Amino acid sequence: MNVQDPSVERDYIPIADHAIIGNLRTAALVSLDGSVESYCIPNFDSPSVFARILDKYKGGHFSITPTVQFTTKQNYLPNSNILQTKFLNDEGVVNVTDFLPRHENGDTPLFWLVRRVEVIRGVASLRMECAPAFNYARDGHTTEFLPDDSVQYCHQKKVRFKSPNLELDLRYVAEATLDNVPTPEVKIDYLDLSNKGHRGPAVCCNLSLVEGQRITFILRTCAEKAGVPKTRPTQELADRLGIPLEVLIAGASKMRPQDDPLLTADLLEHLFRSTNDYWNNWIRKSTYDGSWREAVNRSALALKLLIYEPTGAVVASPTFSLPECVGGTRNWDYRASWIRDSSFTLYALIRLGFTQEANAYLEFIFDRLRDKNPDGSLQIMYTIHGGKDLPEIELSHLDGHKGSKPVRIGNGAVTHVQLDIYGELHAFHSSVSYPIIDVFALGWIVYIWVRRGYDTWVLVRDLVDYVVDHCREPDLSIWSVRVRTESLESKSVCAYHREVRGRERHFTYSKIMLWVAIDRGIRIVEKRSLPCPQRSAWYAARDALYEEIMTKAWNPTLKVFGQSYEETDLLDSAVLIMPLVFFMAPADPRFVSTLKQILKSPERGGLTSNNLVYRYDVTKTDDGVGGKEGTFCLCTLWCIEALTRAGEYERPLLTRAIAMFEDFLLYTNHVGLCTEEVTDAGDALGNAVQGFTYVVFRLI
């Protein structure tokens, strides 16, 4: 039982004890004890307003928590991304419902964070604190109470937080949902947290609620004031005009800006139902009917939250700088759109029947193809707006999650050469990057090519030509393995090492994906009978690359494929991709031998611990960062997929695949989400939610 005692000073909440809500523009993490711990406004990559998960004192938070000891439970509404957090004790039960509004028809959402507090049984005493910390807790702000002209009936005040670049206001609606129950009283006061490092006043409110009382708090970006009518709709005015109050309110709302409607209980209920309907209707489009359907649907809903709707881009994760090693330095900002992550994510959605998202991403990526680098290459990542610059900055004033420094924003890896991205991109386009050639997905891809026509084909053809010209070059590959240089002093367990672009090698994974890029280009040519002046060169490069991998990446002594041509004695679980992209048959003796070696424990020369798989052995591979890391969830899923393919020929491997997958599900958190990595002790590590982890697959 998860028991919380508010009388004890609050420490960091484990990464796994969070759920996510979003609106396809941004997302927020909500902790198990009812605190918004991470929230960037208005976009995924905007500066944070709440970041307590990275600094428990001054990161900023929006909490609603009982004032006495309680237990807590958290769940999503069925087939929805609306979150419920329940607080329970002998005196009563409180339900906090959190969501970022979405319109059922998909119109531009309101940039509101809605938190509805309702007592279901008995009585409850709670405390609300809203303590924004603007611009990653770097900017100061002012706080003032102003008359709220958007609330009907009563003359109440709202709170305005004003920083140099962003203004927010906090409003509320109090109501009684049962007869003979009074409307709850709400009195918001200033809260001084300057002694904890806050750069502006917060606000707080102590609530004493009984069954049938409800208070909804709304934090929003401040609306434009132009055109707001000064006359408030009241019952007196409605009687004088001889019309129902509801009609008067509806008419008055139409005269206000779209993002500043009159705030009523009916409006909030409409937003709740509309948002829930949006998610319900979306997940109903899924064509998946296999095993573990509930887990698959939850994964799909999580993946959907990673899409930035205005451009179609997909963020790798909506969070930043959560550690891969607690107390360590592997803390990266993943609020950008990686070509690799996005391709995997969108193909997963295609296989579930969600083609609209994939089509939008194709528009995004073709815009990037029209704006390639001068040498004809693509970057490994772009901003969600399509930009190329992601300067990496360290925020030394933030403590980091459980002291994991430095906290980083931006990503210096944007300049890295990772040639594998061309394989992931072409595999996505040709719809055969994963083990089953889904007839529906293949038909959809052919339709896309027919609709886009010759000009689009030329863009893709040029990209394959680039791959052919550069497939023999070294790179930094999928994990961006780097050379180690000077260390900086750090009090953490793992000292931080500056990253430099260097130690490029002939990584096996990159070579496989370069082969995939050329092979898929050839398949598209053959499928559509498209013109290809370099057809012979493509065939020659593909075949030569295959022979090269089989010769230079294979270690005949250990009987494994190594991490790179230069270090065939080092294992890397990325090579598990081989049968998944049809590079090699899953029953090939070389692949099966490599797979079985990876399944051994690190102590026995493998990469598997407790049925979870490491990327590589950091004690043997100097990746330039230092420190430890957990098992990598994506690699575990790749291993399960590979076992499933190989299990068609060797039955015990299929049994192992099912056992590993069932074990993996145990490491998802209380709402079915998982993070980037898992420690040997089963603790979640890394950014959440990580799109890589939610690549959906079919086992049987």
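Residues numbered from 1 in each chain as written. Predicted model: local features only at pLDDT ≥ 70, side-chain atom pairs only at ≥ 80, totals over all residues. Heavy atoms only, no water.

## Focus: the overall build of the protein chain
Here is step 1: Counting its secondary structure elements, the protein chain contains 15 helices and 33 strands.
Here is step 2: Across the 700 residues of the protein chain, 63% fall into the buried class.
Here is step 3: Within the protein chain, residue pairs in contact and separated by at least 24 positions form 69% of the contacts whose partners lie at least 6 positions apart. (Helix = DSSP H or I, 4+ residues; strand = E, 2+ residues; numbered from the N terminus. Buried < 20%, exposed > 50% of the residue type's maximum accessible area, 1.4 Å probe, protein only. Contact = heavy atoms within 4.5 Å.)

## A word on helix α11 (residues 508–528)
Here is step 1: An ideal rise of 1.5 Å per residue puts 30 Å on 21 residues; α11 measures up with 30 Å between its terminal C-alpha atoms.
Here is step 2: Among the 21 residues in α11, 17 count as buried, and that is most of the element.
Here is step 3: Once α11 finishes, Ser-529 follows within two positions and takes phi at roughly 55 degrees, a positive value. (Expected span 1.5 Å × (residues − 1).)

## What about the packing of helix α6 (residues 339–351) against helix α7 (residues 355–369)?
Here is step 1: Where α6 meets α7, the axes come as close as 9 Å, and the angle between the chain directions of the two elements is 155 degrees. The angle between α6 and α7 places the two elements in the roughly antiparallel class. Crossing angle aside, the handedness with which α6 passes α7 is left-handed. Here α6 contributes Ile-339, Ser-342, Ser-343, Leu-346, Leu-349 and Ile-350 to the contact with α7, which in turn contributes Glu-357, Ala-358, Tyr-361 and Ile-365.
Here is step 2: Of the residues belonging to the contact of α6 with α7, the class tally is 7 nonpolar, 2 polar and 1 charged. (Axes fitted to C-alpha atoms, helices over the stretch in contact; angles between N-to-C directions. Parallel < 35°, antiparallel > 145°, perpendicular 65-115°, else oblique. Left-handed = near helix turned anticlockwise from the far one by under 90°. Nonpolar A, V, L, I, M, F, W, Y, C, P; charged D, E, K, R; others polar.)

## So, the pairing of strand β4 (residues 35–40)
Here is step 1: With respect to burial, β4 is a largely interior element, 6 of its 6 residues being buried.
Here is step 2: Pairing between strand β3 (residues 27–31) and β4: 3 bridges, direction antiparallel. By the bridge assignment for β4, Leu-29 is matched with Ser-38.
Here is step 3: Sheet topology note: the β4/strand β6 (residues 61–66) ladder contains 2 bridges and is antiparallel. Bridged to Val-36 within β6 is Phe-62.
Here is step 4: Relative to strand β5 (residues 48–50), β4 runs antiparallel, the two sharing 2 bridges. Bridge assignment links Cys-40 to a residue of β5, and that residue is Ser-48. (Pairing = 2+ DSSP bridges.)

## Digging into the packing of helix α14 (residues 633–646) against helix α15 (residues 651–666)
Here is step 1: Where α14 contacts α15, the two axes come as close as 7 Å, and the packing angle between them is 155 degrees. Comparing their axes, α15 and α14 come out roughly antiparallel. Judged by the twist between their axes, the crossing of α14 over α15 is left-handed. Along its contact with α14, which presents Cys-633, Thr-636, Leu-637, Cys-639, Ile-640, Leu-643, Thr-644 and Ala-646, the element α15 presents Leu-653, Leu-654, Arg-656, Ala-657, Met-660, Phe-661 and Phe-664.
Here is step 2: Split by residue class, the contact of α14 with α15 holds 12 nonpolar, 2 polar and 1 charged.

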